[in-house]
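# An overview of the molecular structure
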Amino acid sequence: MQQYSSLPDQNSQIDATPKLLTTIEQLSAKLWLESSLNQLQSCLNDCLLSACNTVPQAGAAEAEILQTVVNEINSAVNSSNLVLTDCAVGIALSQPQQTVATVCYVSCSPSPPLFLEVLTAEKKLLLGLQEVIELEDLQQLENQQPPSAWRLADDSGNVMGWLIIAAAPLNSARELLIESQAQLRSQLMARSANHCTTALVQLRHILSWQQRYEQLSSSNQELERTNQLKNQFLANTSHEIRTPLSSIILSSNLLLAPGYEPTRERQQEYLNIIQSSGKHLLALINDILDLSKIEANQLDVHWETIDVTLLCSNVLALVKEKAANKGLRLCLEIDPDITTLVADSLRLKQMLLNLLFNALKFTSQGSVGLQVAPKGEFVHFTVWDTGTGISQEDQALLFQPYFQIAKAVADGVEGTGLGLAVTRKLAQIQGGSVKVESKVDHGSRFTLLFPLKQEAGVEGDEGVGEAKFSSSPLPFILSSCVDILLVENDLPNAHLMQIYLRKLGYQVTWAKNASEMWETLTQLDPAVILMDVYLADGNGLNLVQQLRKNRQYRTIPVIVQTAMAMKGDRETCLASGADDYISKPIDLPLLASLVAQYSKPSITGETGE
């Protein structure tokens, strides 16, 4: 009988050994691949975390990621005993619309240098720093087997660059083993390219979020600053309003106090206080409105040719009394070469008054002056003083809205911090600028710079509105035969306007609403109608339109009086059919001028249709 042994066949053991070794090599290769990729991912995570914490420049953070990829792949490939050939790793970057890429990152390559072989073109490309490779060659390197290039694309599919590896020639004696290791290396490169792409996309998101955060942070700071300025402005404005209001109320209370009979001189003193305090309130409102209109780009400039000497003399005349009360000497010096200038005369006067009043505020002894001289292509209006001066720190903030010098506030100097801000913006609108020179305790010099040559605009003779009458009222003849119809909702305004116009000899009939106006017109043929915009039973502008549609009343001049004083309000009133416009509070000399102008008999005569 044939005997069978239970021991394993010796030949079968020998046959199993290569299979076991192959399995161990495969596991070892897989372990190396995953370990290398984990190490790369860990380093990339560190780069991204650093970018989150340090807010780097975009280029520097991207460079760190790309260099990390090159270094880690090179370290993994050349430190493994699985790889039997020398390798070099690089990254070539390309710009949109370009046909080439430049090698910007490369590992330390062995000597001699390694080349990339483009098999289809039989071309060898050196993998070295700053080497230029055509995109067509990179695409061929990507498509050949095994590949030598892998593209780096963002989440939109746009190619940012290429990950490249160059290897020494294969040893044909061990071709099978080297081929498997080349495939392993290709897996490492392909997955590393994915890790690199993901990291670059994440970096861009991080930088975008950081930029958005900085913008929001900057916006929040600006909003906080604006809120602080608003609170400061409200506090300053409240003080500025309460001070003249207190003077008005106290003076009027004294005049109305039972049993108190002040002398005529005292009465005049109290009335002067009331008038100056009212003008101060009006100036405050005008500054606020001017700043609002300037910031909204709604301020009109009325160009005209100005007599510089006359304007400067008039300006100094307006501050002469204040200077005399403080014992200060006023000086005016005008270069004889400067005679005329094209600008907005009212705005120029406003700017010079702002600077002169400021100079008088901060000067307790010595002089305040205005100097006008040509310099280059500009005229320099310099307001100087011998006052307290301004520190460098305060000069840096001086033209910001609502800013006030802390010492001035502590000393009780009046102001809202709007005058200089308005002055600078008004100068800029007219092609000029404002500069300041000052030293503490050595006075200050504020200079308005205006272009010497400037063409007068088309608005020079039109659109000036009420301002053209206020400084020099038109002459008129007193007449008790001229009837004026006053349509006014406010009793105090109506009463004062009646008194003033009757003193000038006009017959004034008051209608306090639309119904009374129509009833009065059936009995009266007025020479002029003064129309309030806001009435209890209608809109004054609508009434003007109705008058213009009525054949009987369409030729009667209508002057609108209203508290509407923003840009476009005058145009709106004229568009309704009004002949002219005057804003409240009413300038009585201006009112007289307008009434005189429109109540004159027509020379040519008019026929209605």
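The preceding data block contains the structure.
Attention here is on the structure that accompanies the text. (Residues numbered from 1 in each chain as written. Predicted model: local features only at pLDDT ≥ 70, side-chain atom pairs only at ≥ 80, totals over all residues. Heavy atoms only, no water.)

Moving on: the packing of aromatic side chains. Going through the model one piece at a time under the given rule, you end up with 3 aromatic pairs. Geometrically, the ring pair formed by F381 and F450 is edge-to-face, given 6.2 Å between the ring centres and 85° between the ring planes. Of this pair, F381 sits in strand β12 (residues 378-385) while F450 sits in strand β14 (residues 444-451); the two residues are 69 residues apart in sequence, bridging distant segments of the chain. Neither F381 nor F450 differs from the other in exposure class; each is buried. Here W518 and Y553 contribute two aromatic rings whose centre-to-centre distance is 6.2 Å and whose plane-to-plane angle is 50°, an arrangement assigned as tilted. Taken together, the positions of W518 in helix α13 (residues 514-521) and Y553 in the loop between α14 (540-549) and β20 (558-562) put the pair 35 residues apart, joining distant regions of the chain. The class for W518 is partly exposed, based on a relative accessible area of 27%. The buried category is assigned to Y553, whose relative accessible area is 8%. Above the ring of F399, the side-chain terminus of R424 is found at 3.9 Å from the ring centroid. (Phe/Tyr/Trp six-rings, centres within 6.5 Å; stacked < 30°, edge-to-face > 60°. Helix = DSSP H or I, 4+ residues; strand = E, 2+ residues; numbered from the N terminus. Buried < 20%, exposed > 50% of the residue type's maximum accessible area, 1.4 Å probe, protein only. Lys NZ or Arg CZ within 6 Å of the ring centre and 35° of its normal.)

Let us now look at the pattern of salt bridges. Under the counting rule described, the total for this entry stands at 11 salt bridges. Between E142 and R151 there is a salt bridge, and its shortest N-O distance comes to 2.9 Å. By relative accessible area, E142 is classed as partly exposed at 22%. Of the charged contacts in the structure, one is a salt bridge between R266 and E269, with a shortest N-O distance of 2.9 Å. (Salt bridge = Lys/Arg side-chain N within 4 Å of Asp/Glu carboxyl O.)

This brings us to the nonpolar core. Counting residues in hydrophobic clusters, the biggest one holds 45 residues, and the most contacted among them are L348, F381, L398 and L448. Counting residues in hydrophobic clusters, the runner-up holds 36 residues, among them C47, I65, I73 and L203. (Core = buried A, V, L, I, M, F, W, Y, C linked by side-chain atoms within 4.5 Å.)

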